[in-house]
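Now for the letters of each chain:
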Amino acid sequence: MTTNSLPATLGELRDSGYQTVSVREEIRRNLIAKIRAEEPVFPGIIGFEQTVIPQLENAILAGQDIILLGERGQAKTRLIREMVNLLDEQIPTIAGSELNDDPYNPISPDAQRIVDEMGDAAPIAWIQRDLRYSEKLATPDISIADLIGEIDPIKVAEGRHLSDETAIHYGLVPRTNRGIFCINELPDLAERIQVGLFNLMEERDVQIKGYRIRMPLDVFVVATANPEDYTNRGRIVTPLKDRYGAQIHTHYPRTIEEEIDIMEQERNLFPDEDKVYVPSFMTEIVAEVTARARGSNEINQRSGVSVRVSISNYETLISNALRRSIRLGESIACPRVSDLPYLIASLGGKIEMETFGEGREDRLVEDLTKRATLAIFTRYCNVDDLEDIVMAFDLGNAVETGSDVPAASYASALSNVDGLSTIVSRLTGDDQRPEVVASAVEFVLEGLHLNRRLNCARTPAGGYRYAR
C-alpha cells in the first residue's frame, strides 16, 4: 500500500483486514522470508557467516531475547542495528499514542481514551521501522525513571492528580513498545536497575514506580557485553542473565582476507579516491599488524584489539601517502613501507599496554610493523631467489628511501641493482607508474633487511639507507 492508501482510521484498518502480530512474530516472519529468498540477513557483516549469524537466526526463530558477548570492535552494535531491517517497514498505531499502541488493543491511558471516545473514527498513524528501535548505553547514572518511567512534575503542575496514570512520564522501554530495545555494555548497569528489568524479560510488562499498574509491553530485548566486564569489573545479576534466551559470542576476523574486506568497506572514502592506489602487499601488512597485535603479550588481550585498529591504520597509511603526493606533485598516492611508522598515531590510542614506560608504544608499533612486513614479504618472495640483488649490494650499491623521497628517484635503483627490476615487475604487474614502483622497491629492500640480507640505517634526513 502507498502512503495515501493506508487506512487513516481504526474503522478503515479493520475493514482492510490488517492483523497485528507480536514483534517477535513479525521479526521471525521477515527473517524466514529473507532466508527463503536467499537475501543477506545482515548485509555488511563480514566473517560471521558460519559462526555468529546462524546462532542469531536460531535465536530469532526461537523468539529468544539475546545478549551478544564479545570484545570491543566486534560489530556487536552493528548486528543489533541491522535487526531493525527485520521489522515491517511501517505499522499502525493510535495517533497521539506515546507507546506505539496496538490499535486493536491499546495499553496507554491516552490511546484507550481516544478509542473509547471515538471508536472506529479514532485516527491511525503509521510508524516507520527506524522509530521502533531504541538503544541505551549502560552507565552508572542511569535510573529506573530513564528506562521505565516516573511521575512527571510538569503534568502534576498542570493539575493532574498524583494517582492519575496520565501523570506518568514513560521511560525508554515503554516508548519502544512493539519494537527492539538494546542495552549496550549491560554489566555496567547498576544491579538495582537490572532488577527493574526482570518483569520486562519474563512477564513482558513493567511496573511503574508508585502505581499499581501492570503495563503489558511487546519488546524484543537485546544487549551487548564485553567478556572482561561480564566476569570481573561489572556483572549481570543471575536472575537477569537467566532471562536471556541466547548468549552469542562474537569474534574478531579469523583470516587476513576478512580483515581486509572490513578495512576496505569501513574506511573513510572521499571524492579523490581515483588518485589513491594501495598495493595488495601494503594492504596485507596493515591487516597483519592487527593480527600480530592480537597475539602480542605486551598488549592487554582481555581488552582486545578492535577491528577499528585496522581501519584507522589503513586510513593513516593512505593519508600519509596522499600528503606526500600533494607536496611532491605526484599523480597518485601510493603507500610505502616507509609510511608505516606513522601508524603510531592511529594504533597507540587503541591498545592497552600490559606495562607502561616512556617510548614503549613507539617501540611496540615498530616491532609490530616489522614482523608484519616480514610475514607478508615471505608470502610474496623467496629470499633464495633474490641473491642477484644481494650480490649487487655486495658490489657497493646503496639505495636511500623514505616517506618524503620522490617516486621518480627510485628509477635509479632499478637500473643500478641487478635483479631488482625483475622482482618489482612481478609485484606490480603491468602497473609501472613511478609511485607503485617506489612502493614495491621499498617492500623488497625492507624484506631483505628483515631477513638479514641487507643492512638498514637511518639517514640524517629521516629516511633509510640500504646497503651491505
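Just above sits the structure.
For every chain, the first residue of the written sequence is number 1, and numbering continues from 1 onward in sequence order. At least 70 in pLDDT is required for a residue's local features to be given in this predicted model, at least 80 for side-chain atom pairs to be given and counted, and no such filter applies to totals for whole chains, interfaces and linings, which use all residues. Excluded from the side-chain calculations are hydrogens and water; all other atoms, namely the structure's heavy atoms, are used.

The numbering of helices and of strands both runs from the N terminus, where a helix is a DSSP run of H or I of at least 4 residues and a strand a run of E of at least 2. Scanning the chain from N- to C-terminus turns up 20 helices and 14 strands. C-alpha atoms define the radius of gyration in this analysis, and the globule rule sets the expected value at 2.2 Å times the number of residues to the power 0.38. For 468 residues, the compact-globule estimate of 2.2 N^0.38 gives 23 Å, and the chain exceeds it by more than 25% at 30 Å. With the principal axes as the frame, the chain shows a C-alpha extent of 100 × 50 × 40 Å. Only protein chains enter the accessibility calculation, which uses a 1.4 Å probe. A residue is then buried if its area is under 20% of the maximum for its type, exposed if over 50%, and partly exposed in between. For the chain, the proportion of its 468 residues judged to be buried stands at 51%. If you take every contact in the chain between residues at least 6 apart in sequence, the share linking residues at least 24 apart comes to 74%. As displayed, the chain offers around 22,000 Å² of accessible surface, 48% of which is attributable to carbon and sulfur atoms. For this analysis, residues touch if any pair of their heavy atoms sits within 4.5 Å. The protein chains shown are the only cover counted for residues, whose accessible areas, like all others here, come from Shrake-Rupley with a 1.4 Å probe.

Right, let's talk about helix H19 (residues 420-428) for a bit. Residues of H19 that are buried: Leu420, Ile423, Val424, Leu427 and Thr428. Angular distribution of buried residues about the axis of H19 spans 130°; they occupy a single face of the element. Of the exposed residues in H19, those oriented more than 90 degrees away from the buried face are Thr422 and Arg426. Considering only its buried residues, H19 is in contact with helix H13 (280-293), helix H16 (360-380), helix H17 (387-394), helix H18 (411-416) and helix H20 (434-450). The arc under discussion is defined with respect to the helix axis, by the directions toward the C-beta atoms.

Okay, the pattern of salt bridges next. Salt bridge, as applied in this entry: a Lys or Arg side-chain nitrogen positioned within 4 Å of an Asp or Glu carboxyl oxygen. With the rule as written, the count across this model stands at 22 salt bridges. In this structure, Arg453 and Glu387 form a salt bridge, with 2.2 Å as the shortest nitrogen-oxygen distance. Taken together, the residues span a long stretch of sequence, with Arg453 in the loop between H20 and strand S13 (455-458) and Glu387 in helix H17 at a distance of 66 residues. A salt bridge links Asp431 to Arg433, with the nearest nitrogen and oxygen atoms 2.6 Å apart. On the accessibility criterion, Asp431 (18% relative accessible area) is buried. Judged by relative accessible area, Arg433 falls into the partly exposed class, the value being 32%. Through salt bridges that share partners, Glu264, Arg267 and Glu273 make up one connected network.

Disulfides are covalent bonds that link the sulfur atoms of two cysteine residues. When the sulfur atoms of two cysteines come within 2.5 Å, that pair is taken as a disulfide. This model, assessed by the stated rule, comprises 0 disulfides. We note that Cys334 lacks a disulfide partner, and the nearest cysteine sulfur, in Cys381, lies 16 Å from it. Counting only cysteine sulfurs, Cys381 is the nearest neighbor of Cys456, a cysteine outside any disulfide, at a range of 17 Å.

Looking now at the sheet that holds strand S14 (residues 464-467). Strand pairing is assigned whenever DSSP identifies at least 2 bridges connecting the two strands. Taken in spatial order, the 3 strands line up as S12-S14-S13 in an open sheet, and their pairing is antiparallel. On the outer flanks of this sheet lie strand S12 (399-401) and S13, each paired with one strand and no other. Looking at each pair of strands side by side, their axes are set apart by 25° on average, direction ignored. Looking at chain direction, S13 and S14 are connected through 4 bridges and run antiparallel. Bridge assignment links Asn455 to a residue of S14, and that residue is Ala467. In this analysis, axes come from line fits to C-alpha atoms, helices being fitted only over the stretch in contact, and the angle between any two N-to-C directions falls in the range 0 to 180 degrees.

So, on to the packing of H19 against H20. Packing of H19 against H20 leaves a shortest axis separation of 9 Å and a crossing angle of 115°. When the axes of H19 and H20 are compared, the crossing they make is right-handed. Counted together, Leu420, Ile423, Val424, Leu427 and Thr428 of H19 and Val436, Val437, Ala440, Val441, Phe443 and Val444 of H20 form the full contact between these two elements. Asp, Glu, Lys and Arg are counted as charged, while Ala, Val, Leu, Ile, Met, Phe, Trp, Tyr, Cys and Pro are counted as nonpolar; the rest, among them Gly, fall into the polar class. When its residues are assigned to classes, the contact of H19 with H20 shows 10 nonpolar, 1 polar and no charged. Two helices cross in a left-handed way if the nearer one is turned anticlockwise from the farther one by less than a right angle. They cross in a right-handed way if the turn is clockwise.

Ordered in space as S4-S7-S10-S1-S11, the 5 strands form an open sheet in which the pairing is parallel. The sheet terminates laterally at strand S4 (133-137) and strand S11 (246-249), the two strands that pair on one side only. Averaged over all pairs of adjacent strands, the angle between strand axes in this sheet comes to 20°, irrespective of strand direction. Where strand S7 (residues 179-184) and strand S10 (residues 219-225) come together, 5 bridges link them in parallel fashion. Looking at the pairing, Gly179 lines up with Val219 of S10. Against the sheet, helix H2 (residues 23-36) makes contact with S7 and S10, and its axis sits at roughly 75° relative to S10, the strand it touches most. Helix-sheet contacts for helix H3 (residues 52-62) involve strand S1 (66-69) and S11, and the interaxial angle to S11 is about 170°.

Given the number of residues in a helix, its expected span is that number minus one, multiplied by 1.5 Å. Here H16 spans 30 Å end to end across 21 residues, near enough to the 30 Å set by a 1.5 Å rise per residue. Within H16, burial applies to Leu364, Val365, Leu368, Thr369, Ala372, Thr373, Ala375, Ile376 and Phe377.

Along the chain, the position of Arg178 falls in the loop between strand S6 (168-170) and S7. In summary, the charge assignment counts Lys and Arg as positive and Asp and Glu as negative, without counting His or the chain termini. Buried charge Arg178 goes without a salt bridge, the closest partner of opposite sign being Asp102 at 4.8 Å. Within the structure, the side chain of Arg178 is placed 2.9 Å from the backbone oxygen of Asp101, a separation counted as a polar contact. If near-sequence neighbours (up to four positions away) are discounted, Arg178 is found in contact with Thr20, Val23, Ile91, Pro92, Thr93, Asn100, Asp101, Asp102, Pro103, Arg132 and Asp218. For the purposes of these results, a polar contact is taken to be a pair of N or O atoms within 3.5 Å, where, inside protein, one atom must be able to donate a hydrogen and its partner to accept one; residues adjacent in sequence count only when each atom of the pair is a side-chain atom.

In this description, a nonpolar core means a group of buried Ala, Val, Leu, Ile, Met, Phe, Trp, Tyr and Cys residues linked to one another through side-chain atoms lying within 4.5 Å. Membership of the largest hydrophobic core comes to 59 residues, with the highest contact counts inside it found for Ile389, Leu420 and Ile423. Secondary structure elements with two or more residues in this core: helix H12 (256-266), H13, helix H14 (307-328), H16, H17, H19, H20 and S14. If sequence neighbours within four positions are ignored, Leu420 has contacts with Ile389, Ala413, Leu414, Val441 and Val444. In this structure, Ile107, Leu147, Leu197 and Val206 belong to the second largest nonpolar core, which totals 31 residues.

Fair warning: the whole summary comes from geometry, so function is off the table for now.
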